[in-house]
Amino acid sequence: MREICLIRAPHHLGLRPLAPGHIPGTWRAPQALTDAGLVEALSPADIVDMERPVYSVEPQPSTRLRNGPAIRRFNLELAEIVAKAVERGQFPLVVGGDCTILLGALAGRRRFGPLSLVHVDGHSDFRHPGNYENSEGPVSAAGMDLALATGRGEALLTEWPGISGQLIPDAQVVQIGEREGRDADFAWADINDTDFTLIDVFAARELGVAGVLEKTRATLDRTDWPFWLHFDVDALDQAVMPAVDSPGSPGIDPEGLAEILGALVADRRCAGMNMTIFDPDLDPNGKLAAFLVEFLVKVLARL
């Protein structure tokens, strides 16, 4: 059994406001999940609480990224926390927060050598300057985390201390769960020109749990590197998990997804995991928070 270091990351800087004056509620997720019994369910060896950053809608100097400098500061701090957990021999579990916390988690673990990435998300988050118009206003980094992790985008969020090149090379990325990639107007179609292993939600349904794991492991087995596991809860269908900023259908069924994630966590090469995008503001009775705690218990049972 590997000890868990639970890192509670109350982050929301990568998301856009949904209306004037709105502040995205993902920063509340760590506390909502704690209130739903997360700590008692997982019994982590250590708990690290990060401070909630200040959200701003104002443009930032020298960047087109909404809250860009603050996102970098938060992720530099997160990288230090993850690195210390790794040094203690623990399994870092980062509970956020929006998807940009992936960058700090990767930056922390990458200090110990190269990594692969399994990116489980209903959106492949591959927005980058090569596929959106430069005339647009401030852009939200939460839709860019996979692009940024593979070195596409502003240096502010692609270059990290002590790490040469991108956080993850293209050939060692597995993306599971994209639901819009077959749409005629898919915004990030250039993802199909990368060396990523792509398993969209339709392929995942056709392959089944065993097939998804076989295809994922074929990529991971190209090297002897450890891998990081990113889980955005919007990989679940909106009928199951509506408390996210961009819900959609179809999604991977909860039982199958728990099996896939659980098998990956049980792999000794799994270096850590983050969970993102749950918004408790959209879960007023706390039922979805309780569901996610139970879901995580299933996933981490074989750690």
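Residues numbered from 1 in each chain as written. Predicted model: local features only at pLDDT ≥ 70, side-chain atom pairs only at ≥ 80, totals over all residues. Heavy atoms only, no water.

As annotated in an unreviewed UniProt entry, the protein carries the name Arginase and is attributed to Neomesorhizobium albiziae. According to its UniProt record, the protein has this under Sequence similarities (unreviewed entry): "Belongs to the arginase family." (UniProt positions renumbered as here; feature names shortened; annotations may be inferred.)

**Some points on helix H7 (residues 254-266)**
For H7, spanning 13 residues, the distance from its first C-alpha to its last is 18 Å, which sits close to the expected 18 Å at 1.5 Å a residue. Turning to H7, its buried residues are Pro254, Gly256, Leu257, Ala258, Ile260, Leu261, Gly262, Ala263, Leu264 and Val265. On its buried face, H7 sits against strand E3 (91-95), strand E4 (116-120), helix H6 (201-220), strand E7 (227-232), strand E8 (270-276) and helix H8 (287-300). The residue sitting at the N-terminus of H7 and contributing the capping side-chain oxygen is Asp253; that oxygen lies 3.2 Å from the backbone nitrogen of Glu255. (Helix = DSSP H or I, 4+ residues; strand = E, 2+ residues; numbered from the N terminus. Expected span 1.5 Å × (residues − 1). Buried < 20%, exposed > 50% of the residue type's maximum accessible area, 1.4 Å probe, protein only. Contact = heavy atoms within 4.5 Å. Polar contact = N/O pair within 3.5 Å; in protein donor to acceptor, adjacent residues only side chain to side chain.)

**Observations regarding the nonpolar core**
If you look at the biggest cluster of nonpolar residues, it comprises 55 residues, and the most contacted ones within it are Phe231, Met273, Phe278 and Leu300. When residues in this core are grouped by element, the largest group, eight residues, is from H8. Not counting chain neighbours up to four residues away, the residues in contact with Phe231 comprise Val120, Leu236, Leu257, Leu261, Met273, Asn274, Met275, Thr276 and Phe295. Ala105, Ala107, Val139 and Ala147 belong to the second largest nonpolar core, which has 46 residues in total. (Core = buried A, V, L, I, M, F, W, Y, C linked by side-chain atoms within 4.5 Å.)

**Re the sheet that holds strand E5 (residues 173-176)**
Sheet architecture is open: eight strands sit in the order E2-E1-E3-E8-E7-E4-E5-E6, paired in parallel fashion. Since the sheet does not close on itself, it has two edges, and those belong to strand E2 (46-49) and strand E6 (197-199), each with one partner. Between one strand and the next, the sheet's axes are offset by a mean angle of 15 degrees, whatever the strand orientation. The sheet contact formed by E7 and E8 spans six bridges and is parallel. (Pairing = 2+ DSSP bridges. Axes fitted to C-alpha atoms, helices over the stretch in contact; angles between N-to-C directions.)

**Here we look at the pairing of strand E1 (residues 4-8)**
Counting buried residues along E1, five of its five residues qualify, which places the element largely inside the surrounding structure. What you see with E1 is no split at all: Ile4, Leu6 and Arg8 on one side and Cys5 and Ile7 on the other are buried throughout. Sheet topology places E1 next to E2; four bridges connect them, and they run parallel. Within E2, the residue paired with Leu6 across the bridge is Ile47.

**Looking at the layout of surface pockets**
Put simply, the largest pocket is a space of about 370 Å³. In terms of lining, the largest pocket is formed by 23 residues, of which the most central are Arg16, Ala142, Gly143, Trp188 and Ser246. Class assignment for the residues of the lining of the largest pocket results in nine nonpolar, six polar and eight charged. (1 Å grid on protein atoms, 1.4 Å probe; cavity = no way out; pocket = protein on both sides within 12 Å on 5 of 7 lines; lining within 4 Å. Points joined across faces, edges and corners; volume = space filled by probe spheres on them. Nonpolar A, V, L, I, M, F, W, Y, C, P; charged D, E, K, R; others polar.)

**A short note on the packing of H7 against H8**
Interaxial distance between H7 and H8 falls to 7 Å at its minimum, and their mutual angle equals 45 degrees. Comparing their axes, H8 and H7 come out oblique. Crossing handedness for the pair H7 and H8: right-handed. Along its contact with H7, which presents Pro254, Leu257, Ala258, Leu261, Gly262 and Val265, the element H8 presents Phe291, Phe295, Lys298, Val299 and Leu300. Here the residues of the contact of H7 with H8 sort into nine nonpolar, one polar and one charged. (Parallel < 35°, antiparallel > 145°, perpendicular 65-115°, else oblique. Left-handed = near helix turned anticlockwise from the far one by under 90°.)

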